[in-house]
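So the chains spell out like this:
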Amino acid sequence: MSTTQPHSVPELQEAVLDGAYGPLPGELAVTSAFWLHHTTRLAGSQVTYRNSYLLMRSGDAFGACSFEAGEVTPDFCADASGHTLDTLIRHESAAVRVAALDAYLGRVRPHRDAAEAETVVLPTGTPEERAQARDAAVAGLLDIAPGAKVALIGVVNPLVAAIREQGGVPLPCDFNLRTTNWGDPVTDDMDQVLDAADAVVATGMTLGNGSFDRILEHCRKQELPLVVYAQTGSAVARAFLGAGVTALSAEPFPFSQFSADATALYRYRVGQA
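In this report, the structure presented in the accompanying data block is examined. Remember, predicted model here, so these are calculated numbers, not experimental data.

Conventions and cut-offs
All residue numbers refer to positions counted from 1 along the written sequence of the respective chain. Confidence filtering applies because this is a predicted model: local features only for residues at pLDDT of at least 70, side-chain atom pairs given and counted only at 80 or more, and all residues used for totals across whole chains, interfaces and linings. Excluding hydrogens and water, the side-chain values take into account all heavy atoms of the structure. The numbering of helices and of strands both runs from the N terminus, where a helix is a DSSP run of H or I of at least 4 residues and a strand a run of E of at least 2. Exposure categories follow from relative accessible area, calculated using a 1.4 Å probe and restricted to protein chains: below 20% of the type maximum is buried, above 50% is exposed, and the middle band is partly exposed. By the counting scheme adopted, Arg and Lys are positive, Glu and Asp are negative, and His together with the chain ends is not counted. For salt bridges, the criterion is a side-chain nitrogen of Lys or Arg within 4 Å of an Asp or Glu carboxyl oxygen. Two N or O atoms count as a polar contact when they lie within 3.5 Å, although within protein this holds only if one can serve as hydrogen donor and the other as acceptor, and sequence-adjacent residues are included solely when both atoms are side-chain atoms. What makes two residues a contact is simply this: any of their non-hydrogen atoms within 4.5 Å.

1. Quick word on the side chain of Asp174
In step 1: Mapped onto the elements of the fold, Asp174 is located in the loop between β6 (169-173) and α7 (190-196).
In step 2: Lacking a salt bridge, the buried Asp174 has Arg178 as its closest oppositely charged neighbour, with an N-O distance of 6.1 Å.
In step 3: Within the local environment of Asp174, its side chain forms a polar contact with the backbone nitrogen of Asn176, the two atoms lying 2.7 Å apart.
In step 4: A polar side-chain atom of Asp174 sits 3.3 Å from the main-chain amide nitrogen of Leu177.
In step 5: Not counting residues up to four positions away in its chain, the partners in contact with Asp174 are Gly154, Val155, Val186, Thr187 and Asp188.

2. Quick notes on helix α1 (residues 9-17)
In step 1: Burial in α1 covers these residues: Val9, Leu12, Gln13, Ala15, Val16 and Leu17.
In step 2: Where the residues of α1 are buried, they touch α3 (85-89), α4 (94-108), α8 (205-208), α9 (212-222) and α10 (234-238).
In step 3: Capping of α1 at its N-terminal end is provided by Ser8; its side-chain oxygen lies 3.2 Å from the backbone amide nitrogen of Glu11.
In step 4: Remark: Gly19 follows α1 within two positions and exhibits a positive phi of approximately 85°.

3. A closer look at the pattern of salt bridges
In step 1: Summed over all chains, the structure comprises 9 salt bridges.
In step 2: Between Arg269 and Glu118 there is a salt bridge, and its shortest N-O distance comes to 3.3 Å. Note that Arg269 is positioned in strand β10 (residues 263-269) and Glu118 in strand β4 (residues 118-122), a separation of 151 residues in sequence.
In step 3: For Arg269, a relative accessible area of 28% gives the class partly exposed.
In step 4: Lys221 is the salt-bridge partner of Glu217, the closest N and O atoms lying 3.1 Å from each other. Highlighted residues: Glu217 and Lys221, both in helix α9, separated by 4 residues, approximately one helical turn.
In step 5: Taking the relative accessible area as the measure of exposure, Glu217 reaches 38% and is therefore partly exposed.
In step 6: The class of Lys221 is exposed, set by a relative accessible area of 61%.

What follows is the structure, given as structure tokens:
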């Protein structure tokens, strides 16, 4: 396992390919690959979430990346199974690279085996009950002062509410939503909210759309807390704990929205052992 932390996703990619995190990726293959398009509208919400996911299974791990519509087509999966992870980590598509990195890092060091991870079991229940439990677990990672401005990059409405409940001021940013559930305007200008922020919360989707490295660099330079809420790319985001990321909610597949049964997410904090 590498003792030198990466400062960008491409730097992590090269370290993995060099064997700094364990077996060479060329020694590990993808058993299955699948593409999902998923929509959700929870009871009482005016917002329909529309998400696309690429997933790869390697050994006992699933790697995942969320991506913008049209970036990866379903027919990619027809030939992906059987490829070794090094080939996919070098792929021209960022979504493919992140999913393959996530599969590799989740396989060589599963969240369930990480001593520093706090396991939170999301209960069996309805979509609303499970989403409430998940978002409460993520909100528990927030540690903000009253009046602090919190950039929320990738809008999740319950986190908007959680920031307000802790006395913070949410600064929502999303490429696909125009308002929150309460009518707050949502900007698509990430730099605008980063420049005003005292703390940042970002979703795992930032890994797939290329904005993660910019967020990471900004938070390091400005010494801002950065909490990452990652379903997709959770093992990739974990590699940056202590190198810009200060806390992480990692939820490997199956994500809470894809199961009615109890599942686990894993919370990490810098300095937690």
